[in-house]
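Each chain is listed here by its residues.
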Amino acid sequence: MYKEVDLLHRDISMGNLAFYKDGDKYIVVLLDFDHAVFANSAENAPQRLTGTVPFIARDILRTVTDPDFKIKHSLRHDLESILYVMIFYGLGYTAACTQKGEEDWLFEWHTGTYAEICDAKQRFFSERRYQPEVLKHVEPGLLHNLIRLLRFNYYGRHLDLRV
């Protein structure tokens, strides 16, 4: 979608994705374009928070919590949201952000202030304690490639790719 028409979704979440199987391939359909904008449009201004909080990219959350930080929504932010959806699915969450089982591992991603949510997401990646559980349910190659792409887009180089 981005490649074809330069469109950013800006609200990728569990509730805005539908899946179906076609033979041995899974097809993902993106739904609900209420917050979508063309990448270079005036509507894609910094400091406009759109999306479902647990799936909003850290940079976008930071535009709300840090008045000196300004950034437009970009493809990497939609990709980061897809990563968060994969993590939620991988840990057994439903679209209502509730988890099957006793422990709500990502509780901090959907409660608290935007700054606390941003910090909780950063800790998830730096501590890596739940990542093996995610990898049990998400295709490891897809997850690795998405993380690699995000790291390259954020830092301009490939970093440690261990998940």
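Definitions and cut-offs
- Residues numbered from 1 in each chain as written.
- Predicted model: local features only at pLDDT ≥ 70, side-chain atom pairs only at ≥ 80, totals over all residues.
- Heavy atoms only, no water.
- Salt bridge = Lys/Arg side-chain N within 4 Å of Asp/Glu carboxyl O.
- Helix = DSSP H or I, 4+ residues; strand = E, 2+ residues; numbered from the N terminus.
- Buried < 20%, exposed > 50% of the residue type's maximum accessible area, 1.4 Å probe, protein only.

Novice: Could you give me a rundown of the pattern of salt bridges, with the residues and numbers involved?
Specialist: Applying the stated criterion across every chain, the model contains four salt bridges. Residue Arg76 pairs with Asp59 through a salt bridge whose shortest N-O separation is 2.6 Å. Linking Arg76 in helix H3 (residues 75-90) with Asp59 in helix H2 (residues 58-65), this pair joins segments that are 17 residues apart in sequence. Residue Arg76 shares its accessibility class with Asp59, and that shared class is buried. The closest approach of N and O atoms between Asp66 and Arg62, which form a salt bridge, is 3.7 Å. On the basis of relative accessible area, Asp66 is assigned to the partly exposed category, the value being 23%.

Novice: Outline unusual backbone geometry, supporting the account with residue identities and numerical values.
Specialist: In this structure, Arg10 is a non-glycine residue whose phi angle is positive, near 70°. Locating Arg10 in the fold gives a position in the loop between strand E1 (7-8) and strand E2 (17-22). Given a relative accessible area of 3%, Arg10 falls into the buried group. Positive phi, normally seen in glycine, also occurs at Asp32, with a value near 60°. With respect to the secondary-structure elements, Asp32 resides in the loop between strand E3 (25-30) and strand E4 (37-38).

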